[in-house]
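# Residue-level structural notes
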Amino acid sequence: MDKYYLTTPIYYVNARPHVGHVYTTVAADVLARWERFLGKEVFFLTGADEHGSKVAAAADQAGLSPGELVDQTVGRYLDLWKLLEIKFDRFIRTTETEHQKTIQSIFSALQRNGDIYPGVYEGHYCVPCERYLVPAEGIDCADCGRPTEKLSEETYFFRLSRYQERIKEHFLKNPEFIQPERIRDEVTNMLSDPLPDLSLTRRCRWGVPLPKGVAGSGLTIYVWFDALLNYLSGVNYNPLSPAGADQSKSFKRFWPPDVQLVGKDIIRFHHIIWPAILMALNLPLPKKVFAHGWWLSGNEKMSKSKGNVVEPFDFCRRYGSEALRYFLLAEVPFGMDGNFTEEAFRKRYNSDLANDLGNLVHRFNHLMRTNFGGKVPPPGDGGILARKTAELFPALAPKMESLDFFGFLETLREVISAGNHYLDEESPWRKGPNSGSVLYNLTETSRILSIYLEPVLPRTAVLIRQQLGLTDLPAGKEALTWGLTKPGAIVTEAPPLFPRIK
Ligand code: MSP
């Protein structure tokens, strides 16, 4: 069985989750569900980035210890993932003892091979972004525009500069590593000047302590080094067995990641620093690191510090979590920015979910119950709908492969529309000679659509099949075969899947 290892960034838990965080996680969940459907053994890793000055400062502000704050906020994330039906395989927290031990062992291993050396860092640091500025940026952070802290501190450096040429080479030989294509130039340009070595420790009280015996009192490991390595400790990488004899089962099974999803704000960390660390550890690199765009609110990146975040709990309560999953992926091509407005949300909800999908299922369900004794009629000629649904897999699979969720849903919408059109044209309520097979064809089309929609709308997909009395389907791609619905299945009355929003 093929494997599929997929990750999201781990989220800072200084504040509650917002729609931006939901975006990456929903996209990952959709991919994971699709790959499971294809029969792969999937490992979907997500989690919480719990250390660093930013989290410590937020705890001070809330009058809590950092440990109390992170426990509280992680709880919020987990509640939200449950509400949104996120089926991860592991949720990692960087405060876990095992993770911390892994970080320390990796630190020591890199120190032994000369990739980590002591020195003094002089320069600026942006706490909200938890990053060191490059000298050309001056004193304000080029990413968030905020003033920074001037540092002059003893530290240990990671020899990033040593890997510059190898990273360049890797980009050339593996163009699919940087996705989407449009950001390749931006990432490659980051290598046009010499890469400075990276300061790997901070004078920060809330972080992973240096390994025993390493000098540097009061220093903790830089939060980004700690965070990036979650992708290794998440599959129980054993740094004490680099050659593999005692390597963990899940590391052997799943490494390297097949897809890593990140927002475009953190590409330098994931396309430059992360590969360099893996090269230093002699480990294979992820196959694909995909950077999606931002959700903006009021034309600015949605973020807590700007005070323009959209509250996901509130949206789920008012419109349902499935509608939020759908909107995020159907509204904007993955990789582009989008403006999140309630107006756009309601518009798409009403047109795609209430009118097109909801109506299709509701209308012929109603007809079967009122005119055909509540049972699925026997099949006849499958006609246009049988042809259209047969064309779906070859059209949809490459879209998912390239993370084109937008195109995937667009293609499904075309078939939903074709179904509604067919119902109008064939008018089975007139009880013509073909009306039974017309309804059969619509049932079969809805069943097949429900399978394709399931990664995005997991609950709705099940509801569609339930109300059509469709159970005992084969697993995986076999369920896509036309004609599996058994005539005589009992159709039950069900409330509209997506009631129209007024
Ligand atoms: N903790 C680091 C990541 C470490 S991964 C080794 C971090 N955390 S974060 O909570 O600030 O943001 C994580 C991710 O959330 C972003 O990369 C992005 O995937 C997502 N988003 C946060 N705000 C977003 C938007 N406004 N729009 C879309 N995605 C956003 O960075």
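Residues numbered from 1 in each chain as written. Predicted model: local features only at pLDDT ≥ 70, side-chain atom pairs only at ≥ 80, totals over all residues. Heavy atoms only, no water.

## Regarding the site of the ligand
Note the threshold: We define proximity as follows: a residue is near a molecule or strand when any one of its heavy atoms falls within 4 Å of that partner. Under this definition, polar contacts are N or O atom pairs within 3.5 Å; protein pairs additionally need one hydrogen-donor-capable and one acceptor-capable atom, and for neighbouring residues in sequence, both atoms have to be side-chain atoms. What sets the accessible areas is the Shrake-Rupley method with a 1.4 Å probe; for residues, cover comes only from the shown protein chains. A run of DSSP states H or I qualifies as a helix once it reaches four residues; a run of E qualifies as a strand once it reaches two. Both are numbered from the N-terminal end. Each residue is assigned to one of three groups, with Ala, Val, Leu, Ile, Met, Phe, Trp, Tyr, Cys and Pro labelled nonpolar, Asp, Glu, Lys and Arg labelled charged, and all others, Gly among them, labelled polar.
Around the ligand, 26 residues are found, and the nearest of them are Ile10, Thr24, Asp49, Trp295 and Met302. Thr24 places a side-chain nitrogen or oxygen 2.8 Å from an oxygen atom of the ligand. The separation between an oxygen atom of the ligand and a polar main-chain atom of Gly263 is 3.1 Å. In the complex, the protein chains occlude 95% of the 660 Å² of accessible area that the ligand would expose alone. Of all the secondary-structure elements, those providing two or more residues to the shell around the ligand are strand 2 (11–12), helix 1 (19–37), helix 7 (223–228), helix 8 (230–233) and strand 12 (259–263). Of the residues forming the shell around the ligand, the biggest block, four residues, is contributed by helix 1. Of the residues in the shell around the ligand, the class split is 14 nonpolar, nine polar and three charged.

## Description of unusual backbone geometry
Going from Gln179 to Pro180, the amide bond is cis rather than trans, its omega being -5°. For Glu85, which is not glycine, the phi dihedral falls at a positive 60°. Note that Glu85 resides in the loop between helix 3 (66–83) and strand 4 (90–93). In the Ramachandran plot, Asn236 falls in the positive-phi region, its phi being about 55° despite a non-glycine side chain.

## Side note on the pairing of strand 12
Basically, it comes down to this: Only protein chains enter the accessibility calculation, which uses a 1.4 Å probe; a residue is then buried when its area is under 20% of its type maximum, exposed when over 50%, and partly exposed in between. Any two strands with at least two DSSP bridges between them are considered paired. Throughout, right-handed denotes a crossover for which the path from the first strand over the helix to the second runs clockwise when the strands point away from the viewer.
The element strand 12 is largely enclosed, with a buried count of five among its five residues. The alternating pattern of strand 12 places Val259, Leu261 and Gly263 and Gln260 and Val262 on opposite faces, both of which are buried. For strand 12 and strand 13 (residues 289–292), the ladder comprises four bridges, and the chain directions are parallel. Residue pairing across strands places Gly263 opposite His292, the latter belonging to strand 13. As a crossover connection, the stretch from strand 12 through helix 10 (residues 267–280) into strand 13 is right-handed.

## Describing helix 14 (residues 383–390)
To be explicit about the condition: The directions from the helix axis to the C-beta atoms are what the arc is built from. Any two residues whose heavy atoms approach within 4.5 Å at even a single point are treated as in contact.
For helix 14, the set of buried residues is Gly383, Leu385, Ala386 and Thr389. The buried side chains of helix 14 occupy one side of the element, clustering within an arc of 160° when seen end-on. On its buried side, helix 14 packs onto helix 15 (392–401), helix 16 (405–426) and helix 17 (435–453).

## What about the sheet that holds strand 7 (residues 149–158)?
If you walk across this open sheet you meet the four strands as 6-5-7-9, and the pairing is antiparallel. Looking at the sheet topology across the chains shown, the edges are occupied by strand 6 (131–132) and strand 9 (198–199). As paired strands, strand 7 and strand 9 are joined by two bridges and run antiparallel to one another. Its bridge partner being in strand 9, Phe157 is matched across the sheet by Ser199.

## Some remarks on the side chain of Glu444
Inspection of the secondary structure assignment puts Glu444 in helix 17. Given the relative accessible area of 0%, Glu444 is considered buried. Separated by 2.8 Å, the side chains of Glu444 and Arg447 make a polar contact. For Glu444, the contacting residues outside a window of four places in its chain are Thr481, Trp482, Gly483, Leu484 and Thr485.

## Considering the packing of aromatic side chains
Heads up, the rule is: For Phe, Tyr and Trp, where Trp contributes only its six-membered ring, two rings pair if their centres lie within 6.5 Å, and the inter-plane angle classes them as stacked under 30 degrees, edge-to-face over 60, or tilted in between.
Tallying each qualifying case throughout the model produces 39 aromatic pairs. Judged by centre distance (5.2 Å) and plane angle (20°), the rings of Phe290 and Phe334 are stacked. You can see Phe290 sitting in strand 13 and its partner Phe334 sitting in the loop between helix 12 (321–331) and strand 16 (338–339), a full 44 residues away along the chain. Neither residue differs from the other here; Phe290 and Phe334 are each classed as buried.

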